[in-house]
Amino acid sequence: MIRKTKLSTGMMVAVCGLACTGAMGIALASNPPASDTATSGANVALAKGVTLQATDKASMMGAFEPVRVNVVLKMHDTDGLKQMADLVRTHAHAPLKDSDLANRYLPHGDEVARVVNFLRANGFGKIQVSKDNVIVTAEGTAASVQSAFGTRLYKVTNANGSGIANADTVQIPAALRGVVGAVLGLRSYSERGLSAAKAATVGKNGPKLTAKVSTKGKKGPGTQAASGDTTVACRECVHAPMDFPQLYDAGSLAPASNQSVAIIGVGDQGETPTLYQTWASGYGITPIPLDIAYPTGYTAGDYEAQTEAVLDIDAVTAMSGGLQQIAFYSAPSTDLSDELTAVTAAINDDHATISLSFAASCDSDIPQDLRDSWDQELYAGIAKGLTVFAVTQDDGGYPHCSNNASSTGFPASSPYVVSVGASTLINTADSYSTYDHETLWVDSESGPAATEPRPWYQDPVAAVVGSMRSTPDFVMDGDPNTGLWVVTGYVDSTGTLQQQWAVYGGTSLAAPLLAGTYARVLQSGIPPYFWPQTFYDIGTAQVKKTRGDCIDCYNFLTGGSNGAYSVVPGQYNQASGWGSWNATAVAHAMLYQR
């Protein structure tokens, strides 16, 4: 059964959520205190005005043009929360419950009320508050932004797309200094987490590899050569979904029937259930119950990320073998702060496995306030025993960053996620579903984070990674020409949904493949924790051959380069991390490590 849940874009969430466990809620003052509403006098700077580049085309926004902001509140005792997350990940403390988080770390209802009242006093409306009281989302105008935060706004267009940028320093009243950590959504021209889905083509620069959807219930396309030739055997093949569990030895594990996986998406998902149903029926797969939520609203008819949605859902379905539920959280735009609201909702709803296939290509271009906002939510997730699988992105070793340096994607650069790159998967000559080897997909991003120091779990590979967090941790298949058949679609001028089979890959295939595998590992009896320390211990043991059950836990890549980093066969490396998973062996090793 497929279920859809749509949250109204105008819904006012009770200013209480997880942080008011057992309370009845609070009343918002109709006339907020003057100290919180004034932007004159003692103000605090949060972010500098944007410096535009010569190639940016910019004009000032009109006063009444619409703007959505995400105001991020500070958690309490963040150092203590990080310490608690460390205790949980090392199993020295049980994962925290919502009431534990609320009592010790989350913003209080009165703090949220002050922020809400401040926004209302400056012309914002449609205010929504995340369940954990950390993010307040509001809609207003450019005039509202200037009144509240003291900055004019540019409309900017450049080679990466279009968006807005704050022309002046973003400020808040000094009275909110201890409450507000960041005001996000004002730099959408550069802070976008784009889809990492890439289409397979027939030959280099050729047309997309596609097939018609039959109205007579014809089966889905089978595994075949990326050239589209179905008459020859292939080793570098585009795959039907049944291949992947066998290729990564997940088929020996029980289906993840008691698990849920949360998927983060963008935009209107109104047609996604139909596309998923067509795909599943084409392969005789029972669709997993699909719940779609819009934590901070959406724009009807915004289907820009619909292909990403079906790729993620299909990949998770293929690898998991079946789930209790797929919870799909759709953000209103690709702005990274909007995507953070969706990730926050998934964390608040306690999904042990979260798949994120949107990322900014250049971690080095991400400002600290946005990075800190993501990190505080992510380590709260670790304290609850949850894991986010995040893509490194698809722009190779040098993704055209402002400093022209090599870079990985964001938020995969965070030490509080499992970062996932992409490989080219080669099957054996006599079987499409038997693993032979993998090489690095040339467009898979990798390398060190710009500002995140090396986390504890990468200490065993410090000689390789240096002082900074290195990505990816793992790779899975993502080369579009060894990708997955999915059903895509669009609504034509008559309002009819037109469907088509197509093959997609990218790191957007790799992350949900690994998330689905992880759900299956959890089903085998592994409790939900943030496991990278164990993952790295398993890899270290495999290289040193110190534990017999870890000899083949990971499939080390045999070669390949993204232009900045190259695979070192048989070793952890900055191109492909530990390689891909041999799922059954990983599950057994994790049981042993426990």
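Residues numbered from 1 in each chain as written. Predicted model: local features only at pLDDT ≥ 70, side-chain atom pairs only at ≥ 80, totals over all residues. Heavy atoms only, no water.

### With respect to the confidence of the model for the protein chain
Any region with low pLDDT has predicted coordinates that should not be read closely.
Thought 1: For the protein chain, per-residue confidence averages 90 on the pLDDT scale, and 91% of positions sit at 70 or higher.
Thought 2: Predicted confidence for residues 3-15 stays below pLDDT 50, and this span has 44 contacts to residues more than four positions away or in other chains.
Thought 3: In this model residues 21-40 is a low-confidence stretch, pLDDT under 50, and it forms 34 contacts with partners more than four residues away in sequence or in other chains. (pLDDT = per-residue confidence, 0-100. Contact = heavy atoms within 4.5 Å.)

### Description of helix H8 (residues 306-320)
Thought 1: A rise of 1.5 Å per residue sets the reference length of H8, with its 15 residues, at 21 Å; its end C-alpha atoms lie 21 Å apart and thus fit the reference within 8%.
Thought 2: The element H8 is extensively covered by neighbouring structure, given that 14 of its 15 residues are classed as buried.
Thought 3: Once H8 finishes, Gly321 follows within two positions and takes phi at roughly 75°, a positive value. (Helix = DSSP H or I, 4+ residues; strand = E, 2+ residues; numbered from the N terminus. Expected span 1.5 Å × (residues − 1). Buried < 20%, exposed > 50% of the residue type's maximum accessible area, 1.4 Å probe, protein only.)

### A look at the packing of helix H7 (residues 272-282) against H8
Thought 1: Where H7 contacts H8, the two axes come as close as 10 Å, and the packing angle between them is 45°. As judged from the angle between their axes, H7 and H8 are oblique. Once H7 is placed against H8, the crossing between them reads as right-handed. In this structure, H7 uses Thr272, Leu275, Tyr276 and Trp279 to contact H8, whose residues at the interface are Gln306, Ala309, Val310, Ile313, Asp314, Thr317 and Ala318.
Thought 2: Partitioning the contact of H7 with H8 into residue classes produces 7 nonpolar, 3 polar and 1 charged. (Axes fitted to C-alpha atoms, helices over the stretch in contact; angles between N-to-C directions. Parallel < 35°, antiparallel > 145°, perpendicular 65-115°, else oblique. Left-handed = near helix turned anticlockwise from the far one by under 90°. Nonpolar A, V, L, I, M, F, W, Y, C, P; charged D, E, K, R; others polar.)

### Some details on the state of the cysteines
Thought 1: For the structure on display, the rule yields 2 disulfides.
Thought 2: Each sulfur of the disulfide joining Cys234 and Cys237 lies 2.1 Å from the other. The chirality of the disulfide connecting Cys234 with Cys237 is right-handed, given an S-S dihedral of about 125°.
Thought 3: Residue classification places Cys234 among the buried positions, given a relative accessible area of 7%.
Thought 4: The buried category is assigned to Cys237, whose relative accessible area is 0%.
Thought 5: The side chain of Cys362 participates in a disulfide bridge whose partner is Cys401; the two sulfur atoms lie 2.2 Å from each other. (Disulfide = S-S within 2.5 Å.)

### Considerations on unusual backbone geometry
Thought 1: The peptide bond linking Phe410 to Pro411 adopts the cis configuration, its omega dihedral lying at 15°.
Thought 2: Following the sequence through the fold, Pro411 ends up in the loop between strand E21 (387-391) and strand E22 (418-428).
Thought 3: Here the residue pair Thr471 and Pro472 is connected by a cis peptide bond, since its omega of 0° sits within 30 degrees of zero.
Thought 4: With respect to the helices and strands, Pro472 occurs in the loop between strand E25 (468-471) and strand E26 (474-477).
Thought 5: One non-glycine residue, Asp350, lies in the positive phi region at around 65°.
Thought 6: Looking at Asp350, the relative accessible area reads 39%, which means it is partly exposed.

### Some points on the pattern of salt bridges
Thought 1: Tallied over the entire structure, the rule returns 14 salt bridges.
Thought 2: With a closest N to O distance of 2.7 Å, Arg68 and Asp338 form a salt bridge. With Arg68 in strand E4 (residues 66-73) and Asp338 in helix H9 (residues 336-348), this residue pair connects regions lying 270 residues apart in the sequence.
Thought 3: A salt bridge links Arg89 to Asp86, with the shortest nitrogen-to-oxygen separation between them at 3.1 Å. Highlighted residues: Arg89 and Asp86, both in helix H2 (residues 78-89), separated by 3 residues, approximately one helical turn.
Thought 4: Among the residues examined, Arg89 registers a relative accessible area of 13% and is labelled buried. (Salt bridge = Lys/Arg side-chain N within 4 Å of Asp/Glu carboxyl O.)

### Description of the sheet that holds strand E8 (residues 161-166)
Thought 1: If you trace the 3 strands from one edge of the open sheet to the other, you get E3-E7-E8, paired in antiparallel fashion. Looking along the sheet, the strands with just one partner apiece sit at the ends: strand E3 (57-60) and E8. Adjacent strand axes in the sheet meet at a mean angle of 25°, parallel and antiparallel pairs treated alike.
Thought 2: Alignment of strand E7 (residues 153-158) against E8, held across 6 bridges, turns out to be antiparallel. Among the inter-strand pairings, Val156 is bridged to a residue of E8, identified as Gly163. (Pairing = 2+ DSSP bridges.)

### Considering the packing of aromatic side chains
Thought 1: In total, this model carries 23 aromatic pairs according to the counting rule given.
Thought 2: A ring pair is formed by Tyr283 and Trp501, whose centres lie 5.4 Å apart and whose planes are at 75°; its orientation type is edge-to-face. Of this pair, Tyr283 sits in the loop between H7 and strand E17 (290-293) while Trp501 sits in strand E28 (residues 497-505); the two residues are 218 residues apart in sequence, bridging distant segments of the chain. Note on accessibility: Tyr283 and Trp501 belong to one class, buried.
Thought 3: Aromatic pair Trp456 and Tyr457: ring centres 5.0 Å apart, planes at 90°, arrangement edge-to-face.
Thought 4: Three or more aromatic residues joined by ring pairs make a cluster, and in this case those are Trp456, Tyr457, Phe474, Phe530, Phe535, Tyr536, Tyr554, Phe556, Tyr572, Trp578 and Trp581. (Phe/Tyr/Trp six-rings, centres within 6.5 Å; stacked < 30°, edge-to-face > 60°.)

### Notes on the packing of H9 against helix H10 (residues 368-383)
Thought 1: Between H9 and H10, the shortest axis-to-axis distance is 10 Å and the interhelical angle comes to 10°. Regarding the angle of H9 to H10, the classification is roughly parallel. On H10, the residues touching Leu336, Ser337, Glu339, Leu340, Val343, Thr344, Ile347 and Asn348 of H9 are Leu370, Ser373, Trp374, Glu377 and Gly381.
Thought 2: The residue inventory of the contact of H9 with H10, partitioned by class, reads 6 nonpolar, 5 polar and 2 charged.

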